[in-house]
Structures are given as C-alpha cells and as structure tokens.
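Take a look at the letters that make up each chain.
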Amino acid sequence: ETDYAGYARTSFDATLFGAASSRNITQVIDLTLPSATGASSSDINSWAILDASSLGNMLAFGAFTTAWNVVSGNTPKIPSGQIIVTVNASSGAGFTNTAAHLMLDMMFRNVAWTKPDIYAGLATATLTDSDTTATEPVGNNYARVNVPTTSMNAATNGATTNNTDITYPTPSATWGTITTIPVFDALTDGNM
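Reading guide: rules and limits
- Residues numbered from 1 in each chain as written.
- Predicted model: local features only at pLDDT ≥ 70, side-chain atom pairs only at ≥ 80, totals over all residues.
- Heavy atoms only, no water.
- Core = buried A, V, L, I, M, F, W, Y, C linked by side-chain atoms within 4.5 Å.
- Buried < 20%, exposed > 50% of the residue type's maximum accessible area, 1.4 Å probe, protein only.
- Helix = DSSP H or I, 4+ residues; strand = E, 2+ residues; numbered from the N terminus.
- Contact = heavy atoms within 4.5 Å.
- 1 Å grid on protein atoms, 1.4 Å probe; cavity = no way out; pocket = protein on both sides within 12 Å on 5 of 7 lines; lining within 4 Å.
- Points joined across faces, edges and corners; volume = space filled by probe spheres on them.
- Nonpolar A, V, L, I, M, F, W, Y, C, P; charged D, E, K, R; others polar.
- Expected span 1.5 Å × (residues − 1).

Draft legend 1. Structural context of the nonpolar core. By size, the foremost hydrophobic cluster in this structure holds 21 residues, and its most contacted members are Ile49, Val85 and Phe108. Elements with a contribution of two residues or more to this core: strand E3 (44-50), strand E4 (58-68) and helix H1 (97-109). The residues contacting phenylalanine 108, other than those within four sequence positions of it, are Phe12, Ala14, Phe17, Ile25, Ile49, Ala60 and Val85. Ala120, Tyr142, Val145 and Val147 belong to the second-largest nonpolar core, a separate cluster that totals seven residues.

Written as structure tokens, this is what we have:
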C-alpha cells in the first residue's frame, strides 16, 4: 500500500457503486482518502478493495488509468469511474451474467441476496454466460436435482467441485444428447 504520511484505508458505503451491469460494477462518486501530512515515496498506480481496515482479504483490485503521486498537504481523491470490479466471462463453464450481477450488487452495494438452494440441471445445447435459460429435456422422467451445500467442496483457486455423485431420475425415454450441466436456484424456472 502507499506510504504517504496520514494514509489509512478508507471505508465506503453502498452509494460508491452503481448497479451491476455487463458483468461490472463501477464507482459512481469520488472517493476521498485521508489528507497527506507527508508525500508518498512512489507513484500510486493501483487500487484494492479489502474486507478489513488492516490485514484482511483482498476482494478486488485493478490499475488506475494514470499513476499519480501524493504530496504533503493534498487530500487525494479517486475520481468516479476509476474503480471497476469485473467478474470475467469464461468459455465453457462459469457464472452467468445474472449470477455475476447478483454477487456484485450484494458485495459492493449491500443489495440483499440470500444464498439460494442449488439445483443441477441438464441441457441439450451449449450455453454461454449471457444465457438466462437452458434447453432442458422435457418429460421422460427428467427433473433437476437438488445439490446440498454439503455436496460441494470448499472453493480453492476460484473454483469448487461436487464431492458426491449427482444422480438424476432414470429416464423413461431418451433425453437427447446432453452437452452442459447448468446450475439453477429453483427446481423449476428460477435463475441459471
């Protein structure tokens, strides 16, 4: 972190960010840092969001568009639009745009989102991050399967996996060619 005299991490509330969209949440007001009683020894080129006033866990980070230096007597401000937190899209597996927006709004805007029950479905078409629905088998005994949290391993390296088999009902006729396993927050309908 910067070493200018007077520096301290600065807390912010839900008004700092606008609503999540396009897998991003963007700072919408200036963020004022503590006044400097001494200059920084090097340029400030990046920002970080942490979950504690000291130590703690880094939750997000990024680079400023232009590096800057703090001189004694200044009250540094991070202008709106400089802090943008992104949940990157992935090819083949990852969070949908819907899930990314719900998580970003919960973390940075304090928008309530209760951890949903999780249901594993099956899809007969390849899915993308922007899909909101999946082409699931219809009839023939098909149903999504509830996946309890105890069936998932603790997340490591940005991923989690199931630790038990997910067993679907026995098909009474073909379900078609299964290409993807979408995860939903409801037994029927709901968010993917």
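On we go.
Draft legend 2. Local environment of the layout of surface pockets. The volume enclosed by the largest pocket comes to roughly 1600 Å³. Surrounding the largest pocket, 40 residues form its lining, Gly94, Phe95, Met152, Thr160 and Val183 being those nearest its centre. Among the secondary structure elements, those contributing two or more residues to the lining of the largest pocket are H1, strand E7 (119-120) and strand E9 (183-184). A per-element tally of the lining of the largest pocket places H1 first, with four residues. Looking at the lining of the largest pocket, its residues break down into 22 nonpolar, 15 polar and three charged.

Draft legend 3. Structural detail: H1. With 13 residues, H1 should reach 18 Å at 1.5 Å per residue; the first-to-last C-alpha distance of 17 Å fits that figure. Burial in H1 covers these residues: Ala99, Ala100, Leu104, Asp105 and Phe108. For H1, the elements touching its buried residues are strand E1 (24-26), E3, E4 and strand E6 (84-86). Asparagine 110, located one to two residues past H1, shows a positive phi value of around 60°.

Draft legend 4. Here's a closer look at unusual backbone geometry. Phi is positive for asparagine 140, which is not a glycine, with a value near 55°. Structurally, asparagine 140 can be placed in the loop between E7 and strand E8 (145-146). In this model, asparagine 141 sits at a positive phi of 80°, which is unusual for a non-glycine residue. Structurally, the position occupied by asparagine 141 is in the loop between E7 and E8.

The values reported here are purely geometric and, on their own, carry no functional implication.
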